[in-house]
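Next come the chains, spelled out residue by residue.
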Amino acid sequence: MFSYIFMKILENRPGRYDMGINILSGGHAKKIRKQIVQRYVKPDMEILDIGCGTGSLIIDAAKAGARTTGVDISTGMLAIAHEQIAANKTKHGITLHNAGIVEIDSLFEKNSFDLIVSTLVFSELYFEERALALHQIKKLLKPAGTFIIAVEVQPGKPLKKIIHFLVRFPLAILTYIIAQTGTKPLTGISEEITESGLKITSEERSFLDSFIVISAKKPTYNGPDKIVLPKTKTPEEDVSSIKSIWDFIGRWFPNPVEPGLRIIGKPDENSPVLLTGNFHLTVRRVEKSLKNENVFLLVTPSNGINVWCAARGGELNTQSAITAIKTSRINERVDHHRIILPQFSAAGIDRKLLKKETGRTGIFGTAYAKDIPPFLKKRKTIFEHNKADFSLPFRLEMLLSMNFLVWMILGTITLFIKPNLFFPVSIFYWMTGFVLYAGFPVIPGKSSWFKTVILSIIEAIAIAVFSVFILKVPIFKHWDIMIMVSLINLWLGFDLRGIVAGNPSEAEWLMHKLGMTSFGYLFSAGVFSPGKIHQDKNRCNNCRICLIVCPKGVYGIVDKNKIRIKKQWECFACNACITQCEKDALSLKIR
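Reading guide: rules and limits
- Residues numbered from 1 in each chain as written.
- Predicted model: local features only at pLDDT ≥ 70, side-chain atom pairs only at ≥ 80, totals over all residues.
- Heavy atoms only, no water.
- Helix = DSSP H or I, 4+ residues; strand = E, 2+ residues; numbered from the N terminus.
- Buried < 20%, exposed > 50% of the residue type's maximum accessible area, 1.4 Å probe, protein only.
- Contact = heavy atoms within 4.5 Å.
- Areas by Shrake-Rupley, 256 points an atom, 1.4 Å probe, with all protein chains shown as cover.
- Pairing = 2+ DSSP bridges.
- Axes fitted to C-alpha atoms, helices over the stretch in contact; angles between N-to-C directions.
- Salt bridge = Lys/Arg side-chain N within 4 Å of Asp/Glu carboxyl O.
- Parallel < 35°, antiparallel > 145°, perpendicular 65-115°, else oblique.
- Left-handed = near helix turned anticlockwise from the far one by under 90°.
- Nonpolar A, V, L, I, M, F, W, Y, C, P; charged D, E, K, R; others polar.
- Core = buried A, V, L, I, M, F, W, Y, C linked by side-chain atoms within 4.5 Å.

Enquirer: Just to check I follow, could you spell out the overall build of the protein for this structure?
Expert: Within the protein, the secondary structure is distributed over 23 helices and 18 strands. Buried residues in the protein amount to 52% of all 591 residues. Once local pairs closer than 6 in sequence are excluded, the contacts in the protein between residues at least 24 apart make up 70%. For the protein, the computed accessible surface area is about 27800 Å², with 62% contributed by carbon and sulfur atoms.

Enquirer: For this particular structure, what's the right way to read the sheet that holds strand β2 (residues 67-72)?
Expert: Each strand in a sheet pairs with its neighbour through backbone hydrogen bonds, running either in the same direction (parallel) or in the opposite one (antiparallel). Within the open sheet, the seven strands sit side by side as β3-β2-β1-β4-β5-β7-β6. Their pairing is mixed. Strands with a single pairing partner mark the edges of an open sheet, and in this sheet they are β3 (94-98) and β6 (199-206). This sheet shows a mean twist of 15 degrees between the axes of neighbouring strands, independent of strand direction. Seen against the sheet, helix α7 (residues 127-140) touches β1 (46-50), β4 (113-119) and β5 (141-152) and runs at an angle of roughly 145 degrees to β5.

Enquirer: So what exactly am I meant to see when it comes to the pattern of salt bridges here?
Expert: Oppositely charged side chains can form a pair if their charged atoms are brought close together. Enumeration according to the criterion identifies 17 salt bridges in this entry. For E192, the salt bridge goes to R130, with nearest N and O atoms at 2.8 Å. Of this pair, E192 sits in helix α9 (residues 189-195) while R130 sits in helix α7, and the two are 62 residues apart along the sequence. Classification of R130 as buried rests on a relative accessible area of 7%.

Enquirer: Sorry if this is basic, but what is going on with the packing of helix α16 (residues 392-417) against helix α17 (residues 422-438) here?
Expert: Helix-helix packing is characterised by the crossing angle of the two axes and by the distance between the axes. Running from amino to carboxyl end, α16 crosses α17 at an angle of 155 degrees, the nearest separation of the two axes being 10 Å. For the element pair α16 / α17, the angle class is roughly antiparallel. As α16 runs across α17, the sense of the crossing is right-handed. Split into classes, the residues belonging to the contact of α16 with α17 amount to 18 nonpolar, five polar and one charged.

Enquirer: Even after reading the chapter, I still don't get the side chain of H280, so can you show me in this structure?
Expert: Considering the arrangement of structural elements, one finds H280 in helix α11 (residues 280-289). Using a relative accessible area of 0% as the deciding quantity, one classes H280 as buried. Not counting residues up to four positions away in its chain, the partners in contact with H280 are D238, S240, K243, S244, D247, N255 and V257.

Enquirer: I would appreciate a short explanation of the nonpolar core in the present structure.
Expert: Grouped burial of nonpolar side chains is what soluble globular proteins tend to show. By size, the foremost hydrophobic cluster in this structure holds 89 residues, and its most contacted members are I339, L354, Y437, V549 and Y555. In contact with I339, not counting residues within four places along its chain, are V273, L275, L298, I325, L354, R360, T361, G362 and I363. If you look at the next biggest cluster of nonpolar residues, it comprises 29 residues, including I50, V71, L125 and A133.

Enquirer: Would you mind showing me how to read unusual backbone geometry here?
Expert: In most cases, non-glycine residues show a negative phi, while peptide bonds are predominantly trans. You will see that N542, though not glycine, has its phi angle at about 55 degrees, which is positive. Within the secondary structure, N542 sits in the loop between β15 (531-535) and α22 (545-549). The backbone of K560 sits at a positive phi, close to 75 degrees, despite the residue not being glycine. Turning to its location among the elements, K560 is positioned in the loop between β16 (555-558) and β17 (562-565). Here K560 falls in the exposed class, since its relative accessible area comes to 80%.

What follows is the structure, encoded as structure tokens:
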């Protein structure tokens, strides 16, 4: 999805995270964190909270007298944690690190912690990631140190499984609507902990046996460490017809595949290594484009969201790329040090940090999967294939994927209230959507709201004319239909510029002008674009990275080799160029 508004919703997710997780866990998340502190935390203990989120557990642990350290992959979560720490006046004794779970061994010495805690984090990790994390946790614990994990699991008994599903499904939907997050129930987590060499001392289940808290000890004697190279997959191993359908009708919700290393063709130690997010549609398209190549495809965790939105919203970032590289052990499979990154990931990946942590040099590839093969043959084709595509096929794809679920809800309501209107309403809905999405470039006006108003006026006049001259009734006899038509148009035209043209959200612009910073829990204009892109010409070294990563063609070449802003109006502040600028020559200039 290329909707600017959805990127902003993802960016503001951390402020709603605790609420969402507490809803999903039936209130158990908050309760369990409190219990862990009460039962296990003692003064002067060294404690590590992996996936500390907004900092609630480490704050309570610090109040109990422990020296606490929090690690989280999300900068947004850590920003909230800093605010919470300041508000609770518990800054002393608390340290925060922005890192992924597989990076913790590079942050701390062996035998550093008395207690390591992880609540509702392992549910978000894939198998290889969990295995490596448990291996590192064991190293970081002091002899006889304790590891506490709270995680969602599948109930064992059939009846409880059914009840759990019926209870969880609506909660999961509500949680995603509020916080764009969720967890997946695990199976076999006890066995994974035992396999890592930790000794389980207690297990407690609650919430229909779907929530488990496990306490494990590090043995006083450590045997030899061993990690088996993770298995690789081929494109045929995780094909799903259901997921393929969901790609096109449920784009508002994540549609993930299992992260990990894919083998395409017969790659060897010199073959290219490419990275992408774990959105099902993206992975399928990349695999299809590479069917005649011999490459390694590294599928990194992006919460089942497409690369552009995930990078802009913080789900596909440097830490997730580092995690994928380390867990796949790709450095042991190839002799070179390059990794080809999706162009749309530029807003989220710090290539310098990636190089430092993994030894891999990030090279940005094409915007779309179909253009990868020519890029592999000739790197200079990047300049031919690095622009966002807002063509008619794309706009029609967005029409279906962005509106199918809304149509289903509207149609269901219509069937219950007035069944005879179901087909007329459905026909109007999709015809109007087609006109707005397909005709967006030719409908008068730059604003999608203006285009929607024009269409609504035309349709209202048509209804009035039909009423007077055909049905022989008063001009406003069918005012209710006019209102319904206008409301449907309003939905279909909402943020249309962001969806089909990659422009800033008009909703955010209006909220910003009105001085509003939020609308309930779902939407925020607090991070509205502060202005226009600005270039410090004295700092610029004309490296051309901004030319490569800009999806809208804002930059151009002047005087043979100088890179300058040429299409200022095309910029929608995705921050890709700012993130990648080697000399800090680019910034957003406040108006």
